[in-house]
Amino acid sequence: MEAASEESETSLPKESEEQKEDVKQVKSDTDNIEGNLEEQNSEVPLEAQKKPEKVEKKISETFFYNYEDIHSRPFVTEDSGIPINLLTLKYSFGYDCTRNANLEVMDSQTLLYIAGNQVVLLDLKTKSQSYIRSSSGGGIGFITAHPTKQYFAVGEKGEKPNLIVYDYPSLRPYRILQGGTEKAYVFGDFNNAGTLLASVGSSPDYMLTIWDWKQENIALRSKAFSQDVYKVTFSADNEEQLTTSGSGHIKFWKMALTFTGFKLQGALGRFGKTAVTDIIGYVELPDGKVISGTEWGNLLLWEGGFIKTEICQAGHKPCHSGPVSQLVLKEGELITVGRDGFIRVWNSDTIDTADSVDDTGLLEVEPMNELCVGRNVSLSFMSKVQDSGQPVWYAQDSNGAIWKLDLTFSDMARDPECLYTFHSGGIEAMSVSPITYLLATTALDGSVRIYDFISNSQLSEIKFKQGGTALTWAPHVVNPKGGLIAVGFEDGVIRIIEVYNPKELPVLAEQTNIENVEINLKQAFKPHSTAVTALAYECNGEVLATGSKDKTVFFFAVEDKYEPIGFICVPGPVQALQWSPPSHEKSMLLILCENGFALQVSAPVPEEQDTASTYKIKNLPTQYFHFYSIKSRIKLEEEIALREKKRQEKEKAKLEWIKQQQEMGEEIEEEPEEEPEEEPLPPLYIPEEPSPILCGFYSAPGKFWLSLGGYDSGFLYHCEFSSNDHQEDPENRQDEPFEVIPIEDSDNNPIRRISFCTNRLLMFCGMQNGALRVYPLQDEELSVDTLKEYWSLNVHDNDYGQIQGICSSYDDRFLITCGGDGNIFTFNILSPEDVHEELKAEIPSPRSGLEKEEAAEDIEDPNAYNIEEVKQKKEHERIMKEAEEKKEKKREELSALRQEFLLLLQKNQELPKHMQLHRQHFEMDHRIFEELSRQTAHRIQLLQKELAWEQEKHLIGLQKLQKLFRDSLEFDTVVVRAIQSNHQISTYRLLSMSEKCYQEHSSWQKIVHKGAWKKAEEMDIVRTTSSRKRISAFEGDTEKLKTSEDRKPTTHYIARKYEQIRRIVEKSEERKAKILKREAEWKQLYQSKPSDDYENPKDVEAIRKAQENMGSYNLKTATNYRVPENECLNTEKKMTQLTSLEVLIHKRKVSINKEIMALRDLKISVIDEIKCLVQELKPIQAALDLSERLPLPLVPLLHPGEVPEKKFEYDRDILLKFQEEQEAKAKLQEELQESSSSSAFSHGFLQAPSVKETDPMAQAADVCPITTASSVTDEQKVFEIEKAEPTEIELEILKKEKIKNLYLQDTLIKKINALMINFDAELRVLRHKKLKLDVLMKTADLRYITCYEELLILKKLEKHEKLLQERVSNLIREQEAIELKLKSYLAQMEDRKSEIVKLQECEKALYDTFQASLEENDEFADFLTKVLKKKIKCVENKDVGREADEEDENEEEKDEEPSLGIDEENSGSEDEDFDDSVCPDNCNEALYQNTIQLRQKRLDIEKALTEEKEAAASLRKKYNALVEKAKEVETSMGTAETELETFQWEKQQRMNDLHVVVPLKLHQVEYLVNGEMPSDFSQALVFTNQSLEYLQKRIVDLHNEKNLQREIYKKAQEQHKQLIQDKKEMEREIRRLKEQCNYLMMKKFGRLVDFEAVQARSANIRVAELEVQIMEKEYMHSQELKEWEARISDLQQQLRKLTKENTSKVQQLNRFCLEKQQLETKLDSLKNYLGLELQGIRSADIKEKARLTSRLKDAACDAAFLREEISILSRKDRPLREELMLLSRKGGCLFLQPSLPQDSTTPTESLPVFTPETVTSSPVSP
C-alpha cells in the first residue's frame, strides 16, 4: 500500500480528553455542513448550529498538538526489516517558483516557501533550512502568514486535507482545521485582526470556507465558483467583505445577516464590453471598490459588481506589458507587480475617483514611480517585512529567483538584489559526478547548474538560448578528472561542457576574487532536428549515443573532438538509451521508444562506415521488440483464479457442514442446488494507442525490464529479443513479455525512473506522483518476492512533481532526486549527518592549455541545419553543380548548330532565285512543325484558362478602382486654355454629393409644407366637426319638439298657464341677466384695478433688455457672457450648418464648372468651325498666287488636360505598347541576351502604333498632302495655260475671280481670328469670375474648417450636454406634473369646501325646519330638541337596507359596528335622563315621528360632513407635501439650469479658443498703436462694418431715447397727481349717494332692503310651475282611475264565475266523501262475515270485491283531482282579492270600495263545514 494511504490515516495525538471532544465536535459540525452544500450561495452559517444539545467546550489558548504525531512518515512494508530512516532528507536545492504566492517572510532573516511535501524555512544568514512535512503526504496547497507573524497556516492536498496553523518560531502545530474542502486547498488569507481565516479549495468543490480557526470551527462556507479559483482575501477596512478571483472571473462576497443568521452572499463581477480575463491580482479599496489586474496589463476598477473604468497609461499604453500578478495598497499608494519585471506606484485616490471620458472606457493615468527589477524577470508575488524600522520587500520571480527590493523610491534607495537563483519550471535531466560530490542539472529555462551537495551550495551556472532536455556526466574512462558533461537541448544541439577550478589556471592563480567553479563550452554540434531526449556513453567510453524525438539515434566517436559515426532511424521517438553492462560479452545499446518499441543494436565501428554522402548507417544488426499489452489478460486470469478460489472455499464449507451433520447423527438428503449465474468475464482489452515506455534496463544479454505508463502501468515487464526476426516488419510485430511482476499501488502511478546503487543492493524508483520508493534486492535477479517489500516516501508535489531524475552518489552515501515541480532533494542513505562533516567535494582541475584555446563556436540559431542536413545539402549542391555543367555543354552544342544553320540560310539567300531552296526544304518533317503549332495552341488555351481567374480578378479590381475613384467624381479637373494667349481656366475637382446632404439641406422646406398641410387638414376636420355638431343639435331640437308635441297637455288652459309662466320667466331672466351683467362689470372693473406694486410687463421687458444690452458691446469672450437659448449650438445644428455650407459650396462650384465645361464645348465647336473655314480657305488660296496668299492660320488643338476622360480610353495597340515598356524595363533589370532569330520572331508579331497615340499636333498633318497635291495640279494647269495664252475676256474673268478670292481669303481669315479672339475674351471673363469665386471658396473652406473644429468640440461635449439637458427636461416635466397635480388638488379642495358649505347650509335648514314645526310654548320642546340632538346613528334604516341586500352590505356592517358602539358610549351620559324610544304622553305623535326623521337626516348630514372634512384634510396634507416637493424640484431645477448655463459658457469658451482665419486688407485694419500697426493683434477685435455702424448709430439713438423717456416721465407724474385728486372726489360722491339711498329706503320701507333680491323674488315662478303640474297630475289621475274602475268591474265578473265553479266542485267533493264513507262501512261489515261467505260461492264474491275496490280507487282519484282543482281555484282567487283591496286603497278619500251585489254569496257562506271524520287529509282553503 502506498505511503499516502497510510499517511492520510494518521491519528491525532492523544493528549487530553478535552482535545478529543473538540475534535469530535469539529468533525460533527463538518459532517452537518457537508450535507447541505449547494451549487451557489449554499452557505450553512454557524448560527444554524448555535443551539446544540450540550455546551461546546472551547479550546485553550495554550493548547498545542505534537508535531511528531501528525507529520507524515515513510511507508515501510510490515515485517520487512527495512529501517524507517533508510533515507533522511539532507537539503532542498530547488524552488517551485511557478507556484502562486510561494513566498512568505516571517521575519527579517527567515523565508518560508513550499517544496513538494515540505514547507522550507530558509535562514538568510546561515543559509540553513528547516522543514515541516505535510500531515497527509498528499502535498501542500498554500501557505499564508498571520498578520502578527506569530502563526502561519499550511493548507494541504489529498483526500479531506487538513489546514494546519503552526506557531512561529517554535513550529509547533497550534490548530488543525478539517472539512474545508474535498481534494486540495489553493489559497488562504487571515483577516486584519487575525481572528478569521479564509480558505478556498480546488476541484471538484471549489469551496470557500471562513474559519474561526482558534476554535477549529467553520463559521461560514459557500461554493466559490465553478472554475479554478486563484485567490481569496479579506477587505482590509471591512472584514465582512471578501473577494475571490480566478479563471475568467472575480467575485465579491459579504457576510450578510439574515433571519437564519450570517450567510456568505457572493456577487459575480460583470465584464460587460471588456474582454473576459483571468484575474490573478487585485486589491480592495477603503470605500469598497476593487482594483484588479488583467492578462493584457491594464487595471480594472470595479464598483457594484461592474467595471467602472479601465486604467491604462498615456497613449493607451498598458500599465504593464503582461499580466498583473499582484496589487498592494500602502499609505494611499497603489503598488502593482507585473510579469514584465516592473513594479509601478500609482496614486490610489486618482484611480478611486476615476471615470471613463469616452466610449472606449479607458482612462489614462501615469504612474508616480516605477522600478525595473531586471531583464528577463517575471514577478509573481511580493511579501513585506520590517527590517530595522524600514520596510523590505522580498519578491518571487517566476523565472527562477528571489529578490530583495527597496520600494522607498528615495535617493538612498538600494538597487534590487537577487538573493537566490533556481531553475524555472521542472527539472528535465540530472546527473552526478562519477568521482566527486558534484551534481549537474538542466531545465527548459536554458541553464545548466552545478551543485555541491556536501556543502549544500550552488557553485556555478551557464545559460543558453534553448532549453536543456538531457544531461549526462561523462564516465571516468572518458575524462579521468571528472569534469566533462554532455548536455542535449530542445533544438537538437548537443553541447560538451567542462567544469573546472579556475584558481588552478596559471593565468588566474594569483587572483582572489574569482569563483570556485567555472563552466566552459568545449564543443557544440547538432545531430538532431528536434529535442534530444537521451544521452549514453558506452562502458569503455569510446562511443556516445544520442536519442531524439525525431526518431533517430546518433553515434559519435569519443575523442578530444567528438566525431560523428552515423545514425539509425527507429520506429518512434526515443525515450531512453542504455548500454549493456560490462558483464555482458558484447557491447549492445538498448533503445526504448515512447510508442512501445524496444531495439537492440551493437556499437558501430567508425572505420566501417561510409560517410561520404550520408551519415545514415546501413545494415546495422538490429533486434526489435514491439510491446503487446497483456494486462487485460493478466486481470482476466486473476478474476478466474479468484472465482475458482471462492468456489473451492464454498465447496469446502459445504463439505465441512455435511461432516458436522453426519457426526451429529442426522441424515442429509442431498438435493441438487441451483448454482447462481455468474457474471460474464470481462473481455480482453487492447489499447488502440500503445502505452508509452517510461524506463527500462538490462537484466541479461538480450533481456530487459520495462516500466510502462497509461493502461499498462502497474507492472514491471520482463522482455526478451528474439534471434530470428531481422526480416520482419517491426510495425506488425506483437511481442509479449515472458515475465510480469505486479507493483503495488501503481495502476495509476507508474514508475518513471529506475536507478540502482553501485553494488545493486538497492533499487530506487521515482513515481509519477512524486513519491520515492526503495526496494532492497537480495540478489541481482528481480522477482515477485523481491519487490514485495519496499520503503516509500512522498517527496515531490503529488500533482505535477513527477520524478524526472534519480541517482546516487559515486560512493552510495547520498541519493538525489529532481522533479517536474522544480525541486531537487538530497538524502542521506543510512549514514548519520555528523559523519559527512569530513567530506568535501573536489573541483576538477582544468585541462592543460585551456587558457590558450579560443572559445568554441556555439550554435545559437535554433533553425540551423543538423549534421545530416549539412551533409545532404553539400551532396545536393554537388549533384546540382554537375547537372548545371551538363546543361551548359548542351547549350553550347545547340548554339553552334544554330549558327551553322543561319550560315546555311545566308548562303541560300546569296544564290540565284532559281537555285534557292524554299524554306520548306529546310524542314526535315512538316509534322514536327504541325505538332509544335498544335502544342503552342494548346499551351495558349491552357494559359488562357490559367489566367482566366487572374483576368477576372484584375477586371473586378479595375471596376472597384473605377467605382472608388472615378464613379464618385462628379467633375474631374479640366484645364481650358486660351487659343492666342497663355490664359487658362480649370474646373474644380468635385466628388458627387450624397442625396442625404441634399435631403438634410431641404428638410426644412418639407417641414414647412408638411406643417401647412397639417394645418389645412386640421381646419377641414374642425369644419366637419362643427357642421356635424350643428346637424346633431338641430336633430336633437327636432326630437325634443316631437316629444313635446307628444307630451303636450290636452287642455288649452294648461297651455295658457305655461305661456304665462314662460313670459314671467323671461322677464325674470332679463332682470337677473342685468344684475349679473352689472356684477360682472363691477368684478371686471375691480380685477382690472392694478395693485400698488404693479409693473407694466412691457416696461419690465424693456428694462430687462436694457440691462442686458447696457454698457459696452457684449463679447463672447467676456466672463459674464451668457449664451442665449436661440444661439445655443449642438451637434445636430452644427451638422446641419456644415451640410448647408457644403451644399452651397458644391452648388457654386458645380455652377462654375458647368460654365467652364460649356466653354470647353465652345472651344471644340470653334475648332471644328475653324477647321471647316480652313478647308474652305485652301481651294481659295490655291487659286491665288503665292505672293498673294496670306499665311494660313493654325488650327487650334485640344490639349490633353482639356479632355482628361480620354486618358482612360485604351485599345489593343496601347496595351501592347504598355507591355513593350514593361518588358523593356524587365530586360534592363535582368540583362538577358536573346538570339537574333528569337528577336526576329518576336518582332514579327508587333504592329504599327495606334493613331490615337500619336502626337496631337499630327492632326494638322492632313494639310500638307493636300497642299502638295493641289500645287502639283496648279503647276500642271499653269503649264497648260502657258501653252495656250488667255483672251481678254478670260483675263477679265480671272481678274474678277482673283478679287473675289482675295476678299474671301480676308473674310475667312478675319472670321477665324474673330472666333479666336471672342473665345479668348469669354475665357478671360470667366477666369475673372472664377478668381473671385476662388477667393469666396477659400473663405468658405476656412469657415468649413472652423465649423468642423467646432463640431469636434461639440461631439466631445455632446454626451455631457445631453445628460444636463435631459436632467433639466426631466425636472421641467416633473415640475409641470407637480403643477398639474397641485391644480387638481386645489380644484378638489374647492369642491370639498363647497360641499362642506352646502352640508352646513342643509344642517342649518334642518334646524330651521325643526323650529318651525314646534308650536309656541310647547312643553315637549326641550325633549324633542334632545331627541333631535342625540348622538346616535340610525341603525334601523341600515338594517332594513342590509335585509334587502345582505350580501352587498356585509362589510359595511362590520365597519360600522365599532363606530356605533363608540357613539353610544359617548352619548350614554347625556341620554340617561330620558328615553327617546317611546313618545311621551300628551306629545304629538306626528311631531315626535317628524323629530326622529329629522334626527336621522341630521346624522346623515353630520356623517357626510365628517367625511368631507377628512377628505379635505387628506387633500390638504397631500397638497402641502406636493408643495414641498415642488420647492425641492424648483431648487434642483435652479441648480441644473445653473450647471447647464455654466456648461454652455464653458463650451462657448472652448469655441472661443479656436483660431479663426479672417483675411483682411490693410485699409480694413484700424487697430493702431502710436500711429503704427502693431505686430501683435491678440488684443484686436474683428468687426463687420454693419456692426460698427450699428453701434455708432445706437449711441445717438440712446441719447434721443433718454430725452424722450424723461419727457414721458414728467407727463406721467402730472397725470398721477390728477388721478389721485379725481379718486378722492369720486369717493366723496359715492359716500354721499349711499347715504341718500339708505335714507330713502328707511323712509319708504322702514328698513334697509336688498333691491336685487326683491327683483329676483317678485314673481314666484316655482309656485306657478307647481300649480300647473298639480293640475296635470289631477287630470292624469282621473284618467287612470277611470281605467282602474273598468278593470275592477271586469275582475268582479271573473270572481263571481270562479266562485260558482268552486261551489259546485265543493258540493261534488262532499258527495264523494259521503259515498266513500258508506263504502268503507260496507267493507267493514263484509270482513266480519268473511268466514261465512267463504263457504258459499267464492267467484262472485271475488268479482264483487274487485268491483268495489276499483270503484273505491276511482272515487279516491276523483277526490284527489277535485282537491287539486279546488286549491288551484283558491290560489286564483287570492290575487283577485288582493287586487280589489289595492284598488280600494289607491282611491284614497276620493273613491269608495264598491260593494258586492246582494245576490252574490261569499265563499264562506257557500262552503259546507266538514267534520274531521269526513275530511281528514285535504282541507280546503277559503
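Here goes a summary of the coordinates provided. The residue count restarts for each chain, going from 1 along the sequence in the order it is written. Totals for whole chains, interfaces and linings use every residue, but because this is a predicted model, local features are given only for residues with pLDDT of at least 70 and side-chain atom pairs only at 80 or more, for both listing and counting. As a convention, hydrogens and water are excluded, and side-chain values are obtained from all of the structure's heavy atoms.

Some thoughts on the overall build of the chain
Thought 1: Counting its secondary structure elements, the chain contains 26 helices and 62 strands.
Thought 2: Split into buried and exposed, the 1822 residues of the chain put 36% on the buried side.
Thought 3: Contacts between residues were defined by any pair of non-hydrogen atoms, one from each residue, lying within 4.5 Å. Taking the intrachain contacts of the chain between residues at least 6 apart in sequence as the baseline, contacts between residues at least 24 apart amount to 61%. A run of DSSP states H or I qualifies as a helix once it reaches four residues; a run of E qualifies as a strand once it reaches two. Both are numbered from the N-terminal end. A simple rule labels every residue: compare its accessible area, found with a 1.4 Å probe on the protein chains alone, to the largest value its type can have, and call it buried under 20%, exposed over 50%, or partly exposed in between.

Quick look at the pattern of salt bridges
Thought 1: Every case where a carboxyl oxygen of Asp or Glu lies within 4 Å of a side-chain nitrogen of Lys or Arg is listed as a salt bridge. One pass over the structure, following the stated rule, counts 49 salt bridges.
Thought 2: With its nearest N and O atoms 2.6 Å apart, the salt bridge here joins Arg1498 to Glu1502. One end of the pair, Arg1498, and the other, Glu1502, are both in helix α20 (residues 1485-1552), four residues apart, so they sit about a helical turn from each other.
Thought 3: Assessed through its relative accessible area of 2%, Arg1498 is described here as buried.

Some words on the sheet that holds strand β11 (residues 185-190)
Pairing between sheet strands relies on hydrogen bonds along the backbone, with the strands arranged either parallel or antiparallel.
Thought 1: Taken in spatial order, the four strands line up as β11-β12-β13-β14 in an open sheet, and their pairing is antiparallel. Every other strand in the sheet has two partners, leaving β11 and β14 (217-223) as the edge strands with one partner each. For this sheet, the mean angle separating the axes of adjacent strands, direction not counted, is 20 degrees.
Thought 2: The criterion for strand pairing is that DSSP finds at least two bridges linking the strands in question. Sheet analysis places β11 next to strand β12 (residues 197-201), joined by five bridges and oriented antiparallel. Across the sheet, residue Tyr185 finds its bridge partner in β12, namely Gly201. The axes used here are C-alpha line fits, helices contributing only the stretch in contact, and every angle between their N-to-C directions lies in the interval 0 to 180 degrees.

Section: the packing of aromatic side chains
Thought 1: Aromatic pairs are defined between Phe, Tyr and Trp rings, using the six-membered ring for Trp, whenever the two ring centres lie within 6.5 Å; interplanar angles under 30 degrees are classed as stacked, those over 60 as edge-to-face, and all others as tilted. Scanning the model with the defined rule gives 35 aromatic pairs in all.
Thought 2: Centre to centre, the rings of Phe152 and Tyr166 are 5.5 Å apart; their planes meet at 20 degrees, and the pair counts as stacked. Remark: Tyr166 occurs in strand β9 (residues 162-167) and Phe152 occurs in strand β8 (residues 151-156); sequence separation between them is 14 residues. No difference in accessibility class separates Phe152 from Tyr166, as the two residues are buried.
Thought 3: Taken together, a centroid distance of 5.6 Å and an interplanar angle of 85 degrees make the contact between Phe625 and Phe704 edge-to-face. Linking Phe625 in strand β47 (residues 622-626) with Phe704 in strand β49 (residues 703-708), this pair joins segments that are 79 residues apart in sequence.
Thought 4: The buried category is assigned to Phe704, whose relative accessible area is 0%.
Thought 5: Three or more aromatic residues joined by ring pairs make a cluster, and in this case those are Phe525, Phe554, Phe556, Tyr562, Phe567 and Tyr615.
Thought 6: Placement of a positive charge over a ring is assigned whenever Lys NZ or Arg CZ falls within 6 Å of the ring centre and within 35 degrees of the normal to the ring plane. Directly above the ring of Phe756 sits Arg760, whose terminal nitrogen or CZ lies 4.0 Å from the centroid.

Some thoughts on the side chain of Asn501
Thought 1: Relative to the assigned elements, Asn501 resides in the loop between β38 (494-500) and β39 (518-525).
Thought 2: With relative accessibility at 14%, the residue Asn501 sits in the buried group.
Thought 3: Each residue touching Asn501, except ones within four places of it in the same chain, is listed here: Asn516, Ile843, Pro844 and Pro846.

So, unusual backbone geometry
Thought 1: The amide bond that connects Tyr168 to the next residue, Pro169, takes the cis arrangement and shows omega of 10 degrees.
Thought 2: In this fold, Pro169 is placed in the loop between β9 and β10 (173-178).
Thought 3: The omega angle of the peptide bond from Ser203 to Pro204 is 10 degrees, so this bond is cis rather than trans.
Thought 4: A positive phi is found at Asp812, a non-glycine position, where the angle reads about 60 degrees.
Thought 5: Here Asp812 is to be found in the loop between β56 (803-808) and β57 (814-819).
Thought 6: Residue class for Asp812 comes out buried when judged on its relative accessible area of 17%.

Some details on the side chain of Asp1320
Thought 1: Its place among the elements puts Asp1320 in helix α16 (residues 1288-1413).
Thought 2: Two N or O atoms form a polar contact when they lie within 3.5 Å of each other; inside protein one atom must be a possible hydrogen donor and the other a possible acceptor, and for residues adjacent in sequence the pair counts only when both atoms belong to side chains. One polar contact links the side chain of Asp1320 to the main-chain amide nitrogen of Ile979, over a distance of 2.8 Å.
Thought 3: Not counting the four nearest positions on each side in its chain, Asp1320 is found in contact with Ala978, Ile979, Gln980 and Ser981.

Points about the pairing of strand β28 (residues 379-387)
Thought 1: The pairing of β28 with strand β29 (residues 390-397) spans eight bridges and is antiparallel. Directly across from Leu379, in β29, lies its bridge partner Asp397.
Thought 2: Where β28 folds back onto β29 in an antiparallel hairpin, the turn is made up of two residues, including Ser388, whose phi is positive at roughly 60 degrees.

Some words on the nonpolar core
Thought 1: We define the nonpolar core as a collection of buried residues of types Ala, Val, Leu, Ile, Met, Phe, Trp, Tyr and Cys that are connected through side-chain atoms lying within 4.5 Å of one another. Core analysis: the biggest nonpolar cluster contains 53 residues, and Leu87, Ile210, Leu242 and Trp791 have the highest contact counts within it.
Thought 2: Phe453, Trp473, Cys807 and Phe814 belong to the second largest nonpolar core, which has 34 residues in total.

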